[in-house]
Amino acid sequence: MENGTKTIMPRIGDKAPEFEAMTTIGKIKFSEFIKGSWTILFSHPADFTPVCTTEMSGFALEKDFFKKHKTKLIGLSIDSIHSHLAWVNNVESNLNVYMDFPIIADLDMKVASLFGMLHPGESQTAAVRAVFFIDPNGIIRLIMYYPLNVGRNMKEIQRVLIALQTADKYKCALPLDWKPGDKVIVPPPKTLKEMETVIADTELEKVDFYLAKKELRN
Ligand code: BEZ
């Protein structure tokens, strides 16, 4: 950053940074909040702004989906608790949507800095629209960054959450545009024996031994 402070950019595969912060449900220690659960941490540039209101109310509207997929939600912006509370109340009055997931108050930008949500070329004062997918072991598994003027896509957020959980459960990879119900990629063979097994498997949809797809069976 311009003031000489080193910018931290967490990467996929990193442990989620630890912090304590005030949120709309009270003070939290992040490692305790995320323990043993999938978590989506998302930042928005500012309370009482239009795009943010569509996005944050959108997360609240999908709370049954995230509950079904055992995923906690937690928001953040560089605003005060008083601003968050007033905005939550205002959104409930205007849209009849109650944003009851915790929203971190980050006026000193401590958490936004830890998670690389401050992109000074985009804004000196607001967090960009970041989404961090954190697994039950506290590892960051997928990161999205959007600019201030483009809202995120809820369907894509839901798709990648299911994709991550599916890849873990079935030890597979997922192709372009994969969605639940589609075939998955068979891990490419690492030995001649594994290659021969793939070649001999008549149930696989194969382009070649290194590009084979299979149905998921529970
Ligand atoms: C918005 O959410 O509409 C917004 C917030 C900050 C800058 C630009 C747009």
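Thresholds, definitions, all that
- Residues numbered from 1 in each chain as written.
- Predicted model: local features only at pLDDT ≥ 70, side-chain atom pairs only at ≥ 80, totals over all residues.
- Heavy atoms only, no water.
- Helix = DSSP H or I, 4+ residues; strand = E, 2+ residues; numbered from the N terminus.
- Buried < 20%, exposed > 50% of the residue type's maximum accessible area, 1.4 Å probe, protein only.
- Contact = heavy atoms within 4.5 Å.
- Areas by Shrake-Rupley, 256 points an atom, 1.4 Å probe, with all protein chains shown as cover.
- Expected span 1.5 Å × (residues − 1).
- Domains from an automatic or database assignment.
- Buried area = accessible area lost by both parts, 1.4 Å probe.
- Polar contact = N/O pair within 3.5 Å; in protein donor to acceptor, adjacent residues only side chain to side chain.

A. Expanded view of the overall build of the protein. Broken down by element type, the protein carries seven helices and 10 strands. Here the protein, with 218 residues, has 44% of them falling under the buried criterion. Taking the intrachain contacts of the protein between residues at least 6 apart in sequence as the baseline, contacts between residues at least 24 apart amount to 66%. Just so you have it, the protein exposes about 12000 Å², and 56% of that area is on carbon and sulfur atoms.

B. How the structure looks around helix H2 (residues 50–61). For H2, with 12 residues, the first-to-last C-alpha span of 16 Å sits near the 16 Å given by 1.5 Å per residue. Taken together, the buried positions of H2 are occupied by Cys52, Thr53, Glu55, Met56, Ser57, Gly58, Phe59 and Ala60.

C. Structural detail: the domain arrangement of the protein. Each assigned domain of the protein is listed here: domain 1 (20–170) and domain 2 (172–218). When each unit is reduced to the centre of its C-alpha atoms, the spacing between domain 1 and domain 2 is 34 Å. Contact with domain 1, which involves seven residues of that partner, is made by eight residues of domain 2. For the pair domain 1 and domain 2, the summed buried area comes to about 710 Å², and 64% of that belongs to carbon and sulfur atoms. Between domain 1 and domain 2 we count three residue pairs in polar contact (both at pLDDT 80 or more) in total.

D. Spatial organisation of the side chain of arginine 152. For arginine 152, the location among the structural elements is in the loop between strand S7 (140–146) and helix H6 (154–170). The buried category is assigned to arginine 152, whose relative accessible area is 12%. At 3.0 Å, the side chain of arginine 152 forms a polar contact with the backbone oxygen of serine 43. With near-sequence residues (within four places) excluded, arginine 152 lies in contact with Phe42, Ser43, His44, Glu55, Arg129, Ala130, Val131, Tyr146 and Ile157.

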